[in-house]
Amino acid sequence: MEITVDGDVRKLIASEGRDYRICTSCTGPALVPTTVKPPKESDIRIPVGGNTLYVSIVQARYVRRITMDMLYNRDDIGSCSVFY
């Protein structure tokens with residue numbers, strides 16, 4: 001299974017200098033900092049420079065490409081209070 005990470009996502013992770021995770025939200029896959037949703041042991045780890053992009057094992061079954069449109073919106077968090 002191969003998951004591609006778009007250049008814009010790589011740039012975001014590098015510029016912020018922190019880890020991110022793809023998790024499940026009520027709106028679909030969500031790209032969030034690990035400060036919002038910490039990684040799990042079962043996550044797939046993708047190195048991005050000196051950081052890591054974690055992908056939920058649940059999402060890894062369906063996601064083949066990680067794009068900026070997956071970036072969480074702070075306004076959406078209130079309407080979707082649970083990340084899995």
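Up top is the structure these notes are about.
Residues numbered from 1 in each chain as written. Predicted model: local features only at pLDDT ≥ 70, side-chain atom pairs only at ≥ 80, totals over all residues. Heavy atoms only, no water.

Chemist: Explain the sheet that holds strand β3 (residues 28–33) here, please?
Modeler: Hydrogen bonds between backbone atoms are what pair the strands of a sheet, whose relative direction is either parallel or antiparallel. With respect to topology, four strands assemble into an open sheet ordered β3-β2-β5-β4, the strand pairing being mixed. Two strands in the sheet have a free side with no partner beyond their single neighbour: β3 and β4 (44–48). Here the strands of the sheet are splayed against their neighbours by 30° on average, with no regard to which way each runs. Where β4 lies against strand β5 (residues 51–55), five bridges are found, and the strand directions are antiparallel. Looking across to β5, one finds that valine 48 is bridged to asparagine 51. (Pairing = 2+ DSSP bridges. Helix = DSSP H or I, 4+ residues; strand = E, 2+ residues; numbered from the N terminus. Axes fitted to C-alpha atoms, helices over the stretch in contact; angles between N-to-C directions.)

Chemist: I tried to follow the pattern of salt bridges on my own but got confused; where do I start?
Modeler: Opposite charge on two side chains allows them to pair when their charged atoms are near. Per the stated rule, a full pass over the model turns up three salt bridges. Across the pair arginine 18 and glutamate 16 runs a salt bridge whose closest N-O atoms are separated by 2.9 Å. Judged by its relative accessible area of 37%, glutamate 16 falls in the partly exposed class. Measuring nitrogen to oxygen at the nearest pair gives 2.6 Å for the salt bridge that ties aspartate 43 to arginine 21. Taken as a pair, aspartate 43 in the loop between β3 and β4 and arginine 21 in strand β2 (residues 20–25) lie far apart in primary sequence, 22 residues in all. Assessed through its relative accessible area of 5%, aspartate 43 is described here as buried. Given a relative accessible area of 1%, arginine 21 falls into the buried group. (Salt bridge = Lys/Arg side-chain N within 4 Å of Asp/Glu carboxyl O. Buried < 20%, exposed > 50% of the residue type's maximum accessible area, 1.4 Å probe, protein only.)

Chemist: Explain the side chain of asparagine 51 here, please?
Modeler: With respect to the helices and strands, asparagine 51 occurs in strand β5. Using a relative accessible area of 14% as the deciding quantity, one classes asparagine 51 as buried. One polar contact links the side chain of asparagine 51 to the main-chain carbonyl oxygen of glycine 17, over a distance of 3.4 Å. A polar atom in the side chain of asparagine 51 sits 3.3 Å from the side chain of aspartate 19. In contact with asparagine 51, other than residues within four places in its own chain, are Ile13, Gly17, Arg18, Asp19 and Ile46. (Polar contact = N/O pair within 3.5 Å; in protein donor to acceptor, adjacent residues only side chain to side chain. Contact = heavy atoms within 4.5 Å.)

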